[in-house]
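Residues per chain, in single letters:
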Number of protein chains: 2
Amino acid sequence: MNGQFPSVLLEKAVGEFAKLPGVGRKTALRLVLHLLRQDTTTVEALGHAIVTLKREVKYCKVCHNISDTEVCRICANPNRDRTIVCVVENIQDVMAVEATQQFTGLYHVLGGVISPMDGIGPGDLQIDSLVERVNAGGIEEVILALSTTMEGDTTGFYIYRKLEHLGVKLSVIARGVSIGDELEYTDEVTLGRSIVNRTPFSGTM
Amino acid sequence: MNGQFPSVLLEKAVGEFAKLPGVGRKTALRLVLHLLRQDTTTVEALGHAIVTLKREVKYCKVCHNISDTEVCRICANPNRDRTIVCVVENIQDVMAVEATQQFTGLYHVLGGVISPMDGIGPGDLQIDSLVERVNAGGIEEVILALSTTMEGDTTGFYIYRKLEHLGVKLSVIARGVSIGDELEYTDEVTLGRSIVNRTPFSGTM
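All values reported here derive from a predicted model rather than from experimental measurement.

**With respect to the environment of Ala18(A)**
Residues and elements named next belong to chain A.
Here is step 1 of the chain: Summarising the element assignment, Ala18 is placed in the loop between helix 1 (8-17) and helix 2 (25-37).
Here is step 2 of the chain: Ala18 gets classed as partly exposed once you look at its relative accessible area, which sits at 22%.
Here is step 3 of the chain: Measuring from C-alpha to C-alpha, the distance between Ala18 and Thr190 comes to 37 Å, with 172 residues separating the pair along the chain.
Here is step 4 of the chain: In this structure, Ala18 is in contact with Val23, Gly24, Arg25 and Ala28, ignoring residues within four places of it in sequence.

This is how it looks when you write it as structure tokens:
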């Protein structure tokens, strides 16, 4: 941000907002000045929501998803298929898969992927607890729904090595051309893989 | 945002963040999950900074800039030229002009521009208090540094009509081709005006 702040309080609030990812000092100033124009209730609701969330949030002791209770709504739901577990990186991924309404099993949130560059090893992720869940029995299939990146692939392979002798079926989500994408603009690795992993034509796509 | 939130607390915090301008539910979720990964002190600092700012912020009673004191640092500074007042829309504009280090006078923050479409009339802005400042004497020049938009021009003209009989010099900031811009890509109104308002060549640009 160019220029000196006219108020220390303003500068402090802008400084705190600017710590958020993707928020520069200029955006932070815009957000703070917007808040100043709102009534006190609205502003305090935001401040309160942040502090309360941080103090009171829980993580499901089964799948490690964010939860208000010891065991999350998905793990506690008797209608979900307990024989199939979808392994994802983070909470957003649980929400993304849930939004498809195509999966009725349970989840396991790793909390990231193995990334030596960022200092994240297998011990920093919920991999041991996944092995324990599988060992405890009842799970027939583990679906790896990780990012199609080097780190995602490494993590998938690591989990595969940990689970391969436990008699559980391991699968990965299909990789191929995104729906709505034009072949001409699809990268060659994706396109190549989508040809190798072609599926029988079923009339509906 | 797609998908149901796994936690009511999370949903509430995301909802509050999503009220900020330019922040959608997806960005709000990313910001909130980032905050969850920070330690409690950092999160509470943000919450506290927002609430404190809203409760304790003051507006300078002279120029209406944000301030920690009754009269802001600029208005209180004895080294500033009190005979010249720069009229701007908002606090960001004060910071932008200050950052140029080319202005040593005082400011007057209108709090916006006349915009009938948004229901903002002259009475919603600090125009009467500007007239009072000029009437009180001591001000020799008023510089209008407003946006070069229809609303900015309307506001400038309105202020001109209010001040023209008060024996104060009125000026507007120069409009022309931005430094670093290529003529080829400059719009014709700006380019035309920059020719009409040409200045004598002085060796430095």
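**Considering the side chain of Asn65(A)**
Here is step 1 of the chain: Here Asn65(A) is to be found in the loop between strand 1 (58-59) and strand 2 (66-67).
Here is step 2 of the chain: Not counting chain neighbours up to four residues away, the residues in contact with Asn65(A) comprise Lys58(A), Tyr59(A), Cys60(A), Ile74(A), Ile91(A), Val94(A), Val109(A) and Pro6(B).

**Concerning the interface of chain A and chain B**
Here is step 1 of the chain: Listed by partner, the interface residues are 54 residues for chain A and 54 residues for chain B.
Here is step 2 of the chain: Looking only at chain A, the three residues that lose the most surface to chain B are Leu36(A), Lys54(A) and Met95(A), adding up to 14% of its buried area.
Here is step 3 of the chain: Summed over the shared surface of chain A and chain B, the number is two salt bridges.
Here is step 4 of the chain: Taken together, the links from chain A to chain B amount to 12 residue pairs in polar contact (both at pLDDT 80 or more).

**As for unusual backbone geometry**
Here is step 1 of the chain: Even without being glycine, Gln101(A) reaches a positive phi, approximately 55°.
Here is step 2 of the chain: For Gln101(A), the location among the structural elements is in the loop between helix 5 (91-100) and strand 4 (105-109).
Here is step 3 of the chain: Notably, His64(B) is not glycine yet its phi reads approximately 70°, a positive angle.
Here is step 4 of the chain: For His64(B), the position within the fold is in the loop between strand 1 (58-59) and strand 2 (66-67).

**Observations regarding the relation of the copies chain A and chain B**
Here is step 1 of the chain: Between the two copies, chain A and chain B, the superposition gives an RMSD of 0.1 Å; the rotation angle is 180° and the shift along the axis is 0.0 Å. Here the symmetry operator amounts to a two-fold rotation axis. Of every C-alpha in chain A, the one belonging to Gly47(A) sits nearest the axis of rotation, 2.0 Å from it.

**Observations regarding the pairing of strand 4 (residues 105-109) of chain B**
All names here are of chain B.
Here is step 1 of the chain: Among the five residues in strand 4, five count as buried, and that is most of the element.
Here is step 2 of the chain: Bridge analysis of strand 3 (residues 81-88) against strand 4 gives five bridges, and the strand direction is parallel. Bridge pairing in strand 4 places Asp81 opposite Gly105.
Here is step 3 of the chain: Handedness of the crossover is the feature at issue here: the chain leaves strand 3, passes through helix 5 (residues 91-100), returns alongside strand 4, and the resulting connection is right-handed.

**A short note on the nonpolar core**
Here is step 1 of the chain: Counting residues in each nonpolar core, the largest one holds 48 residues, and the members touching the most others are Leu10(A), Phe17(A), Leu10(B) and Phe17(B).
Here is step 2 of the chain: Among the secondary structure elements, those contributing two or more residues to this core are helix 1, helix 2, helix 3 (40-56) and helix 5 of chain A together with helix 1 (8-17), helix 2 (25-37), helix 3 (40-56) and helix 5 of chain B.
Here is step 3 of the chain: For Phe17(B), the residues in contact, after removing those within four places along its chain, are Leu20(A), Leu46(A), Ile50(A), Val23(B), Ala28(B), Leu31(B), Val32(B), Leu35(B) and Leu46(B).

Rules behind the numbers
- Residues numbered from 1 in each chain as written.
- Chains lettered and ligands numbered in written order.
- Predicted model: local features only at pLDDT ≥ 70, side-chain atom pairs only at ≥ 80, totals over all residues.
- Heavy atoms only, no water.
- Helix = DSSP H or I, 4+ residues; strand = E, 2+ residues; numbered from the N terminus.
- Buried < 20%, exposed > 50% of the residue type's maximum accessible area, 1.4 Å probe, protein only.
- Contact = heavy atoms within 4.5 Å.
- Buried area = accessible area lost by both parts, 1.4 Å probe.
- Salt bridge = Lys/Arg side-chain N within 4 Å of Asp/Glu carboxyl O.
- Polar contact = N/O pair within 3.5 Å; in protein donor to acceptor, adjacent residues only side chain to side chain.
- Least-squares fit on C-alpha atoms with pLDDT ≥ 70 in both.
- Pairing = 2+ DSSP bridges.
- Right-handed = clockwise from strand over helix to strand, strands pointing away.
- Core = buried A, V, L, I, M, F, W, Y, C linked by side-chain atoms within 4.5 Å.

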